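# Residue-level structural notes
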Amino acid sequence: TRFFCARCCSFGPEMPAVQLLLLACLVWDVGARTARLRKANDQSGRCHYTFSVASPNESSCPEQSQAMSVIHNLQRDSSTQRLDLEATKARLSSLESLLHQLTLDQAARPQETQEGLQKELGTLRRERDQLETQIRELETAYSNLLRDKSVLEEEKKRLSQENENLARRLESSSQEVARLRRGQCPQTRDTARAVPPGSREVSTWNLDTLAFQELKSELTEVPVSRILKESPSGYLRSGEGDTGCGELVWVGEPLTLRTAETITGKYGVWMRDPKPTYPYTQETTWRIDTVGTDVRQVFEYDLISQFMQGYPSKVHILPRPLESTGAVVYSGSLYFQGAESRTVIRYELNTETVKAEKEIPGAGYHGQFPYSWGGYTDIDLAVDEAGLWVIYSTDEAKGAIVLSKLNPENLELEQTWETNIRKQSVANAFIICGTLYTVSSYSSADATVNFAYDTGTGISKTLTIPFKNHYKYSSMIDYNPLEKKLFAWDNLNMVTYDIKLSKM
């Protein structure tokens, strides 16, 4: 059977009820297979919509009371849904209001927040810069500590080696003294008469014999005042007539002129110009303390009395640091080796300007071929009657001393000689009349001038001329051809040695 539910409706004040009735009919018609909609005007001309839905399970139409009950239920449900909708609208309005407030807060907040963040960022940047500065300072201090530690370790090693050498020499000297005491000294009376005190005649003794050495040791005990005359200028000169060249045959006792005030003067170099130029004189003296990593100060003394009292008249600051104790003054210029380089520099003292620079080809530097005492004495400058020289070594020479004559103006190498004397086996060297002389030890009180190399003949020979290291650490020995003396720096002390040369 089929049940048809029909209702005439019109759009007007009863519109909600009609909608509910239609909804109820649709609900009842769930599962129905067909539905028919019909519209027509009534007698008054109003439009009527009519639809028919077959009931799925009712055999006849319900009573009117049942339909009204369903409509009332639907109305209640509609009221409930309307209340829920109103509540939802209220909540939505509240959410929209809150969202609007949040939007306003976000629009107003960024300016204040940005200013705060900028201040905090500036503070953090300043703290970062301070930390970076502290880190750099700590790194610099650490680097300086490591460098000082390296220097101290090197000094400790050198002192340990020196101590061992002294112990060996002491033992050797003790044995030698014992042997000499057991022996008998040769008679020297006739020889003493043949060579009276003060004479410059060369002894006819064989210089290599033990008897000659014992005789020379006796002669060195004679007071200097009996052998040499004192000049009016306050420093000692050789006797009259001793102005020419010759072969070194004797070195006197050291005479101490000055002692350095601090440990920076343990090693150093002091000099006078053998060829002085205005405004300098024969008395003008220069001194450099060479202990340190940045040696630039050159103390200048106009008078010998100022030098002896320690009152410099001027202090030069070199444009480049020098290395070690090989500097000399010649013809108004200071010649020195630039630190950690094989470059020789000419610094004009009067104008305080660098006039020339020259690399010594292949020369070892900064500890490659030093003298036996170390001190980065790889390149040693020297002056004699012939002019300016440089003493060094190279890899090609395999550590043997190389000697070059320098042009004092432009430092060009004029001539070079290669010797057979190992540089690291001798303590120091100097040049007299074109002949290179070396000293056997920097610390022994009984050292000797042990080798000579004649650049005129290219021949070297051994010597045994006594040389006394009075203060047990000679770091510089140079010859002054004007005064005919050796200048030396012996463990904080500036000393001179008088010498004797044989006549040519």
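Within any chain, residue numbers begin from 1 and follow the written order of that chain's sequence. Per-residue local features are limited, in this predicted model, to residues with pLDDT of at least 70; the limit for side-chain atom pairs, both in listing and counting, is 80 or more; totals at the level of whole chains, interfaces and linings are taken over all residues. Hydrogens and waters are ignored; side-chain quantities use all the structure's heavy atoms.

## Points about the overall build of the protein
To keep things clear, this is the line we draw: In this description a helix means any DSSP run of H or I spanning at least four residues, a strand means any run of E spanning at least two, and both kinds are numbered starting from the N terminus. Relative accessibility decides the category of a residue: with a 1.4 Å probe and only protein chains considered, values under 20% of the type maximum give buried, values over 50% give exposed, and everything between is partly exposed. Whether two residues are in contact is decided by their heavy atoms, any of which lying within 4.5 Å being enough. With residues, only the protein chains shown are counted as cover, and all accessible areas are computed by Shrake-Rupley using a 1.4 Å probe.
The helix and strand tally for the protein stands at five helices and 24 strands. Buried residues in the protein amount to 39% of all 504 residues. Counting only contacts in the protein whose residues sit at least 6 apart along the sequence, the fraction spanning at least 24 positions is 54%. Roughly 28,900 Å² of accessible area belongs to the protein as shown, and the carbon and sulfur atoms make up 53% of that amount.

## Quick notes on the state of the cysteines
Stated precisely, the cut-off is as follows: Pairs of cysteine sulfur atoms within 2.5 Å are what we label disulfides.
With the rule as written, the count across this model stands at one disulfide. Disulfide pairing is shown between Cys245 and Cys433; the S-S distance is 2.3 Å. Since a negative S-S torsion denotes a left-handed disulfide, the Cys245-Cys433 link at about -95° is left-handed. Of this pair, Cys245 sits in the loop between β4 (236-237) and β5 (248-259) while Cys433 is found in the loop between β18 (428-432) and β19 (435-439), placing the two residues 188 residues apart along the sequence. Cys245 gets classed as partly exposed once you look at its relative accessible area, which sits at 32%.

## Some thoughts on the sheet that holds strand β9 (residues 314-322)
Operational definition: Two strands form a pair only when DSSP identifies at least two bridges running between them. Helix axes are fitted only over the stretch in contact, all axes being lines through C-alpha atoms; the angle between N-to-C directions runs from 0 to 180 degrees.
One open sheet accounts for four strands, arranged β6-β7-β8-β9; its pairing is antiparallel. The open sheet has two edge strands with one neighbour each: β6 (268-272) and β9. Neighbour-to-neighbour, the strand axes of the sheet open up by a mean angle of 20°, direction not taken into account.

## Some remarks on the pairing of strand β21 (residues 459-467)
Bridge analysis of strand β20 (residues 447-454) against β21 gives seven bridges, and the strand direction is antiparallel. Paired with Asp454 across the two strands is Ile459, which belongs to β21. The turn linking β20 back onto β21 is made up of four residues, and Gly458 within it adopts a positive phi angle of 70°.

## A few points about the pattern of salt bridges
Opposite charge on two side chains makes pairing possible when the charged atoms of those side chains draw close. Spelled out, the test is: Salt bridges are defined as contacts in which a side-chain nitrogen from Lys or Arg sits within 4 Å of a carboxyl oxygen from Asp or Glu.
Scanning the entire structure with this criterion turns up 20 salt bridges. A salt bridge links Glu153 to Lys149; its shortest N-O distance comes to 4.0 Å. With Glu153 and Lys149 both in helix α2 (residues 64-182) and four residues apart, the pair spans about one turn of that helix. On the basis of relative accessibility, which here comes to 45%, the residue Glu153 falls in the partly exposed class. Taking relative accessible area as the criterion, Lys149 reaches 47% and is therefore assigned partly exposed. A salt bridge links Lys484 to Glu385; the shortest N-O distance between them is 2.8 Å. Of the two residues, Lys484 is situated in the loop between β22 (474-480) and β23 (485-490) and Glu385 in the loop between β14 (380-384) and β15 (387-392); the sequence distance between them amounts to 99 residues.

## Examining the nonpolar core
Condition: Grouping buried Ala, Val, Leu, Ile, Met, Phe, Trp, Tyr and Cys residues that are joined through side-chain atoms within 4.5 Å yields what is termed a nonpolar core.
If you look at the biggest cluster of nonpolar residues, it comprises 26 residues, and the most contacted ones within it are Trp270, Ile288, Leu334 and Phe336. No other element matches the four residues that strand β8 (residues 295-301) contributes to this core. Excluding residues within four positions of it along the chain, Leu334 makes contact with Met271, Ile288, Val298, Leu318, Ala327, Val328, Val329, Ile345, Arg346, Tyr347 and Leu349. Among the nonpolar cores identified, the runner-up in size contains 20 residues, and Val439, Leu463, Ile465 and Phe467 belong to it.

## Considering the confidence of the model for the protein
The following threshold applies: Confidence per residue, as judged by the predictor, is encoded in pLDDT with a range of 0 to 100.
For the protein, the mean per-residue pLDDT works out to 79, and 75% of the residues sit at or above 70. Confidence, expressed as mean pLDDT per element, reaches its minimum in the protein at helix α4 (residues 210-220) with 37 and its maximum at strand β10 (residues 328-330) with 97. Segment residues 1-14: pLDDT under 50, and 36 contacts once partners within four positions in sequence are set aside and those in other chains are kept. Confidence over residues 184-242 falls short of pLDDT 50; this stretch has 70 contacts with residues more than four positions distant or in other chains.

## Quick word on the packing of aromatic side chains
Inclusion rule: Here is the rule: rings of Phe, Tyr and Trp (six-membered ring for Trp) pair when centre to centre is within 6.5 Å. Planes less than 30 degrees apart are stacked, more than 60 are edge-to-face, and the remainder are tilted. Placement of a positive charge over a ring is assigned whenever Lys NZ or Arg CZ falls within 6 Å of the ring centre and within 35 degrees of the normal to the ring plane.
Taken as a whole and assessed by the stated rule, the structure comprises 11 aromatic pairs. Considering the side-chain rings of Tyr267 and Trp373, the 5.1 Å spacing of their centres and the 50° angle between planes classify their relative orientation as tilted. Here Tyr267 is found in the loop between β5 and β6, whereas its partner Trp373 is found in the loop between β13 (353-359) and β14, with 106 residues between them in sequence. In this pair, the class of Tyr267 matches that of Trp373, namely buried. Seen from their ring centres, Trp389 and Trp417 are 5.6 Å apart, and the 40° between their planes marks the pair as tilted. Of this pair, Trp389 sits in strand β15 while Trp417 is found in strand β17 (residues 413-422), placing the two residues 28 residues apart along the sequence. The same class applies to Trp389 and to Trp417, which are both buried. Joined through ring pairs, the aromatic side chains of Tyr267, Trp373, Tyr442 and Tyr473 make up one cluster. Lying across the ring of Tyr371, Lys423 places its NZ or CZ 3.9 Å from the centre. The ring centre of Trp250 lies 5.6 Å from the NZ or CZ of Lys500, which sits over that ring.

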